[in-house]
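# Descriptive analysis of the structure
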Amino acid sequence: TSILTPIVDRIQRSRGQIRTSGADFLAYALLDCVIDHYFPVLDRLSDELEHLEQTVLDEGVDHFTNSLRRYRGKVLGLYRRIWPLKEIFNKFLYDYSEGFSPATRPYLKDCQDHVLQAIDQLDTFRVTSSDLMNLYHSTLAGRTNETMKFLTVISTIFIPSSFIASIYGMNFHTEASPWNMPELGWAYGYPAALGLMALVASLLGGLFVKRGWVRPPWRRRKRPEDDNGAALGRETHPPETIG
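Residues numbered from 1 in each chain as written. Predicted model: local features only at pLDDT ≥ 70, side-chain atom pairs only at ≥ 80, totals over all residues. Heavy atoms only, no water.

Here we come to the overall build of the chain. Tallying secondary structure elements over the chain gives 7 helices and 0 strands in all. Overall, the chain shows an N-to-C arrangement of helices and strands of α-α-α-α-α-α-α. Classification of the 243 residues of the chain by burial places 27% in the buried group. Put simply, the chain shows about 16400 Å² of open surface, and 58% of that area lies on carbon and sulfur atoms. (Helix = DSSP H or I, 4+ residues; strand = E, 2+ residues; numbered from the N terminus. Buried < 20%, exposed > 50% of the residue type's maximum accessible area, 1.4 Å probe, protein only. Areas by Shrake-Rupley, 256 points an atom, 1.4 Å probe, with all protein chains shown as cover.)

Next up, the structure:
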């Protein structure tokens, strides 16, 4: 089905004033029909943007970047098609106004308003998609920092244990000197070494918790947005149509 089918149907059925008006009104009707078909596309782009926003906030999945690039490509492609219409209607209304009767010019102004509305929506989509990309990178950096902090804590806790194990792994026997590893001949040397490692690890863990560098699972609070489904202060109801 062609997008001009409604115009053909109006002409065939003599509906409205399209058959009783001049060629300028027919030109307006064709332009208006084309412009009206852009708005369902804008609605789909709005829904897709909302889905992308929910994806980056809830999951931050790896394929988000590719999806957002494809989305921005759609927005830019549509923007390049609609933007020239703004200049076209300016010329129709002002530079070449003699080609349209005074009765048709208000209709052209209505078409121009629709074009400007579509351009505003696309501008908003472009800005919002850029903000989403920045938000995604910020979220990714935050998760990376949390991972690095966890690995640093684990490494810091096990470094003293590795130091103690390396000392007792040198095997300097007491036969050569009474100062050489006297614990090797002690009946409780092995449990004492393990206990020392556990004590140092516990002290370091407690220090990290006390300083606030690590928050244990039982002290972690649920974020308010986890309960009501809103993230980053957003409301839970669907956003209004942008533009």
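A separate point is helix H2 (residues 23-36). In a regular helix each residue adds 1.5 Å, so 14 residues correspond to 20 Å; H2 covers 20 Å between its end C-alpha atoms and thus fits that length. Buried residues of H2: Asp 24, Phe 25, Tyr 28, Ala 29, Asp 32, Cys 33 and Ile 35, and no others. (Expected span 1.5 Å × (residues − 1).)

To continue, consider a nonpolar patch on the surface. A cluster of nonpolar side chains, namely Ile 3, Leu 4, Val 8, Ile 11, Leu 26 and Leu 30, defines an oily patch on the protein surface of about 400 Å² accessible area. Mapped by element, the contributors of at least two residues to the nonpolar patch are helix H1 (5-13) and H2. Within the secondary structure, Ile 3 is located in the segment before H1. (Patch = residues over 30% accessible without salt bridge, like charges linked within 9 Å, V, L, I, M, F, W, Y side chains within 5 Å. Salt bridge = Lys/Arg side-chain N within 4 Å of Asp/Glu carboxyl O.)

When charged atoms on two side chains of opposite charge get close, those side chains can pair. The tally for this structure, following the rule as stated, stands at 4 salt bridges. Linking Asp 123 and Arg 126 is a salt bridge whose minimum nitrogen-to-oxygen distance equals 3.7 Å. Within this pair, Asp 123 and its partner Arg 126 are both found in helix H5 (residues 105-168), separated by 3 residues, close to a single helical turn. Note on Asp 123: relative accessible area 27%, which makes it partly exposed. In this structure, the salt-bridge partner of Glu 146 is Lys 149, at a minimum N-O distance of 3.8 Å. On the criterion of helical spacing, the pair formed by Glu 146 and Lys 149 is a turn pair, its members being 3 residues apart in helix H5.

Moving on, we get to the confidence of the model for the chain. For the chain, mean pLDDT is 79; residues scoring 70 or higher make up 84% of the total. Scored below 50 in pLDDT, residues 223-243 makes 25 contacts in the model with residues more than four places away or belonging to other chains. (pLDDT = per-residue confidence, 0-100. Contact = heavy atoms within 4.5 Å.)

Turning next to the packing of H2 against H5. Across the interface, H2 lies against H5 with an axial gap of 10 Å and an inter-helix angle of 20 degrees. Taken together, the axes of H2 and H5 are roughly parallel relative to one another. Seen from above, H2 lies across H5 with left-handed handedness. Only Tyr 107, Leu 108, Cys 111, His 114 and Val 115 of H5 make contact with H2, whose side of the interface consists of Phe 25, Tyr 28, Asp 32, Ile 35 and Asp 36. Class assignment of the residues belonging to the contact of H2 with H5 gives a composition of 7 nonpolar, 1 polar and 2 charged. (Axes fitted to C-alpha atoms, helices over the stretch in contact; angles between N-to-C directions. Parallel < 35°, antiparallel > 145°, perpendicular 65-115°, else oblique. Left-handed = near helix turned anticlockwise from the far one by under 90°. Nonpolar A, V, L, I, M, F, W, Y, C, P; charged D, E, K, R; others polar.)

On to the packing of aromatic side chains. According to the stated counting rule, one finds 6 aromatic pairs in the structure shown. Ring geometry for Tyr 79 against Trp 83: centres 5.9 Å apart, planes inclined by 15 degrees, an arrangement best described as stacked. Taken as a pair, Tyr 79 and Trp 83 lie in helix H4 (residues 64-95) at a separation of 4 residues, close to a single helical turn. Grouped by ring-pair contacts, the aromatic residues Phe 25, Tyr 28 and Tyr 107 constitute a single cluster. A cation over a ring is seen here: Arg 126 above Tyr 79, with NZ or CZ 4.8 Å from the ring centre. (Phe/Tyr/Trp six-rings, centres within 6.5 Å; stacked < 30°, edge-to-face > 60°. Lys NZ or Arg CZ within 6 Å of the ring centre and 35° of its normal.)

Looking now at H5. For H5, with 64 residues, the first-to-last C-alpha span of 94 Å sits near the 94 Å given by 1.5 Å per residue. The axis of H5 is deflected most strongly, by about 25 degrees, at Phe 158, and proline Pro 160 appears within four residues downstream. (Bend = angle between axes of the 7 residues up to and from the residue.)

Leu 42, Leu 45, Tyr 71, Ile 82, Leu 122 and Phe 125 are the most contacted members of the largest nonpolar core, which totals 35 residues. Elements supplying a minimum of two residues to this core: H2, helix H3 (38-58), H4 and H5. Look past the residues within four positions of Leu 122 in its chain and what remains in contact with it is Leu 42, Leu 45, Val 75, Leu 78, Tyr 79 and Ile 82. Counting 5 residues, the second largest nonpolar core, distinct from the first, contains Val 153, Ile 157, Ala 201 and Leu 204. (Core = buried A, V, L, I, M, F, W, Y, C linked by side-chain atoms within 4.5 Å.)

The next thing to look at is the side chain of Ser 129. Position of Ser 129 among the secondary structure elements: in helix H5. Accessibility expressed as a relative area gives 1% for Ser 129, which makes it buried. Not counting chain neighbours up to four residues away, the residues in contact with Ser 129 comprise Leu 49, Leu 68, Tyr 71 and Arg 72.

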